[in-house]
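Residues per chain are reported as follows:
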Amino acid sequence: GATTVDAYFPDERWYSWTVSSTINTAGIESKYRNTWATLTVNPDDIKIYQKGGTIVPTSFPNTGLNTAEIRKNPFDILIALDDVNTATGALYWDNGETRDANKTSWTTFNADLNLIKFTQVSTNEDEAGDELDLGWIVIFGVPKDENKYNQFTYFSYVQNGISGIILADDIS
């Protein structure tokens, strides 16, 4: 099998994360920008590059083999800030049982250095309490400014009209 792959990185910020049996890294800002790169690949690794300016909801299927069961697991939200420290994303979430569009949920995400906002645009009509079970919120690309952002920095967020805070205890 191949041990390298050529990839093009457009002129944006990129964050790498790798998942494998031996290493798990996330949110390391890539040195690649507006260039081609030859990446080393290992058959046991999953390499992912997340574009700055995006918000990606993820869920690790700890339990369940279908969408209905996996929906019971918490979602982690991966926020990759762009050059102006903003990001957006969305989640389409079906019920795992039908093709009926009225039985789905649609949530949008917006973030900057002041606020993370989750907006439930539509909700599964049969599931009045159908909300995201939130796990981790991870922010990639927070500026390295000890006077503004450090282990005591709090970020506010709003989810369905309910406010909360996140302690940024791992900013370095």
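The preceding data block contains the structure.
Residues numbered from 1 in each chain as written. Predicted model: local features only at pLDDT ≥ 70, side-chain atom pairs only at ≥ 80, totals over all residues. Heavy atoms only, no water.

Focus on unusual backbone geometry
One non-glycine residue, N34, lies in the positive phi region at around 55 degrees. Owing to a relative accessible area of 46%, N34 belongs among the partly exposed residues under this scheme. Even without glycine at this site, N85 takes up a positive phi of about 60 degrees. With respect to the helices, strands and loops of the structure, N85 is situated in the loop between β7 (75–80) and β8 (87–94). By relative accessible area, N85 is classed as buried at 17%. (Buried < 20%, exposed > 50% of the residue type's maximum accessible area, 1.4 Å probe, protein only. Helix = DSSP H or I, 4+ residues; strand = E, 2+ residues; numbered from the N terminus.)

Some thoughts on the packing of aromatic side chains
Throughout the structure, instances matching the rule amount to seven aromatic pairs. Summarising the aromatic geometry, the rings of Y8 and W36 are spaced 5.5 Å apart at their centres and angled 55 degrees between planes, so their arrangement reads as tilted. Of the two residues, Y8 is situated in strand β1 (residues 4–9) and W36 in strand β4 (residues 35–40); the sequence distance between them amounts to 28 residues. Overall, the relative accessible area of 60% leaves W36 in the exposed class. Ring plane angle 90 degrees and centroid distance 5.0 Å describe the contact between F109 and F118, whose orientation is recorded as edge-to-face. Aromatic rings pair up to connect F9, W14, Y32 and Y49 into one cluster. (Phe/Tyr/Trp six-rings, centres within 6.5 Å; stacked < 30°, edge-to-face > 60°.)

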